[in-house]
Each structure stands twice: as C-alpha cells, then as structure tokens.
Amino acid sequence: MTYIAGFPKRLCAAAIISFLLGACAPLPPIDVSQSASLVRTSISDSKKSVVSSIEVKNDAPPPVPAENTTFSASYMPIGSNTAETVAADIKAYFDGATTRGTEDAQRVIARIEIADAYWVLKAAAKVPIVGIFSLGGDREFFMNVRVSFEVEERGKVVRTFAVNERFSIPDGKADTQDDIARSYQKLVAKYREHFFASLDRTFTTRYLN
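Residues numbered from 1 in each chain as written. Predicted model: local features only at pLDDT ≥ 70, side-chain atom pairs only at ≥ 80, totals over all residues. Heavy atoms only, no water.

**A few points about the overall build of the protein chain**
Check the secondary structure of the protein chain and you find 4 helices and 6 strands. When the helices and strands of the protein chain are placed in sequence order, the string is α-β-β-α-β-β-α-β-β-α. The proportion of buried residues among the 209 residues of the protein chain is 41%. Per element, the accessible surface of the protein chain, about 11,000 Å² overall, is 54% carbon and sulfur. (Helix = DSSP H or I, 4+ residues; strand = E, 2+ residues; numbered from the N terminus. Buried < 20%, exposed > 50% of the residue type's maximum accessible area, 1.4 Å probe, protein only. Areas by Shrake-Rupley, 256 points an atom, 1.4 Å probe, with all protein chains shown as cover.)

Rendered as structure tokens:
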C-alpha cells in the first residue's frame, strides 16, 4: 500500500476509515418537508377528473448495497424510507389533481415497485493515497422510482400506465451524516419537481376520464 510522503501512515488510514464509518453509519430520519410544496398539479379545477378513490400500494423492497470491493464503485443506500415518502407524495398529488365522486366513478390504483436512493462511493476514494484527497469531493446521489398505475371502472382494469425514472444530482456531499441529509433533501426536491409535472402530462390528463 502506498502512502503520502511525509504523511503519517496511521493518520492517513484513520482519515479514510473515519470518513467511511461516518458516512455509512445509520442515519436518523431525514426531514424532507421543505420541498413538500413541489408535490403539486397544474390541472385547473374545471379539468380535473372525477374518481371514486385512490389506492397507493407500497410494494417496494428496501435498498441494498451494491458492489463493495476496493476497485469497484459502491452504491451506498441512504438510510431514509424513500418508498414511504413516494407513497405519501402520490396520495397528496392525486388529492389535488382529481375530485372525488360516487362509488361508480373510475378508481386509480398506484403500485410502487421501486423507490430507493443511493450515493456513489467511487473506487478511487477507497484507495488511501487517492482517497485522502477525495474527502470533501462531490458525490453522485440518485433515486430510482418505478410506479405502475391502473384505472378501474366497475371493478375491471381498463387502462394501465407505468413510470420508471431515475433522478440524480452530481454534486452531493457525503463526508458527514449532515452532508448526506442535505444532499438527500436536494435529491427529493428534484424528484418532486419533475415527477409530478410529468405525471400531469403523461397520465392524469390522458388516462383518466
């Protein structure tokens, strides 16, 4: 293993270990309420579809780490329940984008199949001689969202639609838990801003009567 000339070996190793342990430790719940206002619709009241109910089913599995060797990038799960956030957001969106009707009106079922978030630990950051210089550098944060929608009429599925998107920010920080929390908040805001504007155009105004 190569070390920086004149830089104590123990200090070099300790800095890398401290970074990895601090960044990978379990996070407390992350507050993402700052961007809740981005869960919105541009559909006017006169054009809102009438539905009998909205059901959101959260079938998303928990995120798992991917790759964890010295020479491969690792995908570090963010310790926050992203799927629960997406489920609550979808419910809030349809509450604003539709109006409630009688039991014989169309019904929407949303199934969350994937909703997870990670940050990327590049392979170079794991090598002490390089990693010591990478502390404080930018990290990519990304979020995967896959949701299927069904429209029911009189108990039968008449239309289906699926969304499979990935949102990312290239300039996140992961040196501390606070860094990860702030970067995750930024990532969630980006997803909210784009996901529901797209849902207006691609599903709600096209697949609902």
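**Thoughts on the packing of aromatic side chains**
Under the definition given, this model contains 15 aromatic pairs. Look at Phe 161 and Tyr 207: their rings are 5.0 Å apart centre to centre, the planes differ by 55°, and that puts the pair in the tilted class. Taken as a pair, Phe 161 in strand β6 (residues 156–172) and Tyr 207 in helix α4 (residues 177–207) lie far apart in primary sequence, 46 residues in all. Judged by its relative accessible area of 16%, Phe 161 is buried. On the basis of an interplanar angle of 20° and a centroid distance of 5.6 Å, the ring pair of Phe 203 and Tyr 207 is categorised as stacked. Taken together, the positions of Phe 203 and Tyr 207, both in helix α4 and 4 residues apart, correspond to about one turn of that helix. Owing to a relative accessible area of 21%, Tyr 207 belongs among the partly exposed residues under this scheme. By the ring-pair criterion, three or more aromatic residues cluster together here, those being Tyr 93, Phe 94, Phe 149, Phe 161, Phe 167, Tyr 191, Phe 195, Phe 196, Phe 203 and Tyr 207. Here the basic side chain of Arg 166 rests over the ring of Phe 142, its NZ or CZ set 3.9 Å away from the ring centre. (Phe/Tyr/Trp six-rings, centres within 6.5 Å; stacked < 30°, edge-to-face > 60°. Lys NZ or Arg CZ within 6 Å of the ring centre and 35° of its normal.)

**A few points about helix α2 (residues 82–97)**
Helix length check: α2, at 16 residues, gives a terminal C-alpha distance of 22 Å against a target of 22 Å (1.5 Å per residue), a fit within 8%. For α2, the full list of buried residues reads Thr 82, Ala 83, Thr 85, Val 86, Ala 87, Asp 89, Ile 90, Tyr 93, Phe 94 and Ala 97. Those residues of α2 hidden inside the fold are in contact with β1 (49–58), β3 (98–100), β4 (106–121), β5 (139–153) and α4. (Expected span 1.5 Å × (residues − 1). Contact = heavy atoms within 4.5 Å.)

**Examining the pattern of salt bridges**
Within this structure, the stated rule accounts for 14 salt bridges. Between Glu 55 and Lys 57 there is a salt bridge; the shortest N-O distance is 3.9 Å. Note that Arg 107 and Glu 55 form a salt bridge whose closest N and O atoms lie 2.3 Å from each other. Of this pair, Arg 107 sits in strand β4 while Glu 55 sits in strand β1, and the two are 52 residues apart along the sequence. A relative accessible area of 26% places Glu 55 in the partly exposed class. In this structure, a network of salt bridges that share partners links the residues Glu 55, Lys 57, Arg 107 and Glu 152. (Salt bridge = Lys/Arg side-chain N within 4 Å of Asp/Glu carboxyl O.)

**What about the packing of α2 against α4?**
The interhelical angle for the contact between α2 and α4, taken along N-to-C directions, is 40°, at an axis separation of 11 Å. For the element pair α2 / α4, the angle class is oblique. Considering only the axes of α2 and α4, their crossing is right-handed. Across from Thr 82, Thr 85, Val 86, Asp 89, Ile 90, Tyr 93, Phe 94 and Ala 97 in α2, the residues of α4 making contact are Tyr 184, Tyr 191, Arg 192, Phe 196, Leu 199, Asp 200, Phe 203 and Thr 204. Taken together, the residues of the contact of α2 with α4 break down into 10 nonpolar, 3 polar and 3 charged. (Axes fitted to C-alpha atoms, helices over the stretch in contact; angles between N-to-C directions. Parallel < 35°, antiparallel > 145°, perpendicular 65-115°, else oblique. Left-handed = near helix turned anticlockwise from the far one by under 90°. Nonpolar A, V, L, I, M, F, W, Y, C, P; charged D, E, K, R; others polar.)

**Comments concerning the pairing of β1**
By the bridge criterion, 3 bridges tie β1 to β3 in an arrangement that is parallel. Looking across to β3, one finds that Val 51 is bridged to Arg 100. Note that β1 and β4 share 7 bridges and pair parallel. When the sheet's bridge partners are listed, Lys 57 is paired in β4 with Arg 111. (Pairing = 2+ DSSP bridges.)

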